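Topology and contacts: notes
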Amino acid sequence: MSAREALAQRQRAVLDDLLAGRVPDGFDPVGSAATTRVLHRKRSAGAVHACPELAELPRWRDRFHAWAAAHPAQGCAHDDVRRFAQSLAVTDPDWVRLHEVHDGARRLAWIRIDGRHVLLVRLGTSVLRLTRRRPTTDRRPT
Amino acid sequence: MIHASEEHTQHMRPLQGTGAGWRPPIADLLAERARAGRLGFVEVVAENVDPRAVPAGVTALREAGLPVVTHGVTLGLAGADRVDGARLARLGAVAQALGSPAVSEHVAFVRAASSADPLHGDVLEAGHLMPPPRTREALDVLVDNVREAQAALPVPLALENVAALVGWPEDELDEPAWLTELVVRTGCRLVLDVANLFSSATARGTDPVAELCRFPLEAVAYVHVAGGTWEDGLYLDTHAHPVPDPVLALLTTLVAAYDEARLPLPGVMLERDSDVSPATVGPELDRVEGAVARARGRVRT
């Protein structure tokens, strides 16, 4: 095996371990865990930059990192967001609809944010959030 | 021990004074500091600039006579695969568009395929500058890649030490010896990142000062310094926090080492990549400038 082939296989095996959160054989466990966190944070920083509404998904960072450990990057941050969003279809349908409105895949969506119903409307490049005001007893006509 | 000397390294226009990583949110701050004579050079991340549409702020600095270094982050010269010709060509085009005295990159791998043949896919992208194993065999591959890059680039190449939170069990050379051999065999220049050195030395339990003194100082084109944070007893080079005192102290040590070796001190630049604004970068530039000036015994008043 050539030096390049040997190096390729070695670097790939170690990177595969670190991306998945495993300690490569013979590596320091503390430094390996820190490297894994750095790798995952770089990826989540890229994802939230590409998709700012990711920050509205509860515990998004931890959940994205757990997903990233099992799903090596294929493509750019936008591809990461697309694949991660697909994995949330069942658990977080409200967030997925929010993402789809931001993404342009749909124009309107009724979702619940913090227990409140919100109508999302895409207008050009911005997204309006309309909340029905709760009727209150102390409001009197003036 | 082999020592690198002037005759080994590629000649380039010297970089001096306090520099900064040019970023759009601090364009005005840097222009102002340049006018005040307090900016020696800037560095532009090659991947963030279109060689056909150089930002006006960068062009203005260049026209004012400031060197603009092209800094690449995705070449992966310490990877197993041959250097990507398209990436090299783009790096060269940016360097030409910016009139750069040098291109800098890293002693790192950023992706890994199961085979060195780029046509066989299955590539893992690290999205990060990963430290390579420091073996003789890996050094041969690195030297090959660096020579290829040097042949293709229009200006000298300077290579930076990365922050390594892990070492490889097969490492045969320590970092100063590894970088010295790289310089001797390729004539490349170095970017000495004192924050990365501090991070790596902390992680491997070595003395950063002792290692710093063994770096081939005469080959250093310029110095990087950046902020970071502590986590689990390790120092993370985040480029998102203030420069901590131990890193600033290492910079001061470096100034003394140049003085002792009677070598001219290369330019020292601050990198900041998150939360970039005049309010975060301005005071940090003042601190770096102040630390270097004090170390040289000439305090700005």
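Keep in mind that this is a model prediction, so the values were computed, not measured. (Residues numbered from 1 in each chain as written. Chains lettered and ligands numbered in written order. Predicted model: local features only at pLDDT ≥ 70, side-chain atom pairs only at ≥ 80, totals over all residues. Heavy atoms only, no water.)

1. What to know about the overall build of chain B
Selection rule: Numbering of helices and strands runs from the N terminus, with a helix taken as a DSSP run of H or I at least four residues long and a strand as a DSSP run of E at least two residues long. Here the globule rule is a power law, 2.2 Å times the number of residues to the power 0.38, and the radius of gyration is based on C-alpha atoms. Between buried and exposed lies partly exposed: a residue is buried under 20% and exposed over 50% of the maximum accessible area for its type, with that area taken using a 1.4 Å probe on protein chains only. Here, residues are in contact when the closest pair of their heavy atoms is within 4.5 Å. Areas reported here follow the Shrake-Rupley algorithm with a probe of radius 1.4 Å; residue values treat only the protein chains shown as occluding. Residues counted as positive are Lys and Arg, residues counted as negative are Asp and Glu, and His and the chain ends are not counted. Every charge is mapped to an atom, namely NZ of Lys, CZ of Arg, CG of Asp or CD of Glu.
In terms of regular secondary structure, chain B is built from nine helices and twelve strands. The C-alpha radius of gyration of chain B comes to 18 Å, within 12% of the 19 Å expected for a compact globule of 301 residues. For chain B, the spread of C-alpha atoms along the principal axes amounts to about 55 × 45 × 40 Å. Relative to its full complement of 301 residues, chain B shows a buried share of 57%. Expressed as a percentage of contacts within chain B between residues at least 6 apart in sequence, the contacts between residues at least 24 apart total 77%. Of the roughly 12,000 Å² of accessible surface on chain B, 52% is carried by carbon and sulfur atoms. Computed over 25 positive and 41 negative side-chain charges, the inter-centroid distance for chain B is 8 Å.

2. Thoughts on the interface of chain A and chain B
Using the following cut-off: Each of two parts loses accessible area, computed with a 1.4 Å probe, when they are put together; buried area is these two losses added. A side-chain nitrogen of Lys or Arg and a carboxyl oxygen of Asp or Glu constitute a salt bridge if their distance falls within 4 Å.
Taken together, the 31 residues of chain A in the interface contact 37 residues of chain B. Overall, the association of chain A and chain B removes approximately 2,900 Å² of surface from exposure, summing both partners, and the carbon and sulfur fraction of that is 64%. Considering only the side of chain A, the residues that lose the most area to chain B are Arg4, Gln11 and Arg12 of chain A, jointly responsible for 28% of the buried surface there. Where chain A meets chain B, there are five salt bridges. Asp144 of chain B is paired through a salt bridge with Arg4 of chain A; the nearest N and O atoms lie 3.8 Å apart. Counting only elements with at least two residues in the side of chain A that touches chain B, the list comes to helix H1 (3–20) and helix H2 (29–50) of chain A. In terms of residues, the side of chain A that touches chain B owes the most to one element, H1 of chain A, which gives 15 residues.

3. Here we look at the domain arrangement of chain A
All names here are of chain A. As a reminder, the rule being used: Domain limits in this description derive from either an automatic procedure or a database domain assignment.
Assigned domains within chain A: domain 1 (1–87) and domain 2 (89–142). Centre-to-centre separation of domain 1 and domain 2, based on C-alpha positions: 32 Å. With ten residues of domain 1 in contact, the opposing surface of domain 2 contributes ten residues. Between domain 1 and domain 2, a total of about 830 Å² is buried, with carbon and sulfur atoms accounting for 54% of that surface. Connecting domain 1 to domain 2 are two salt bridges.

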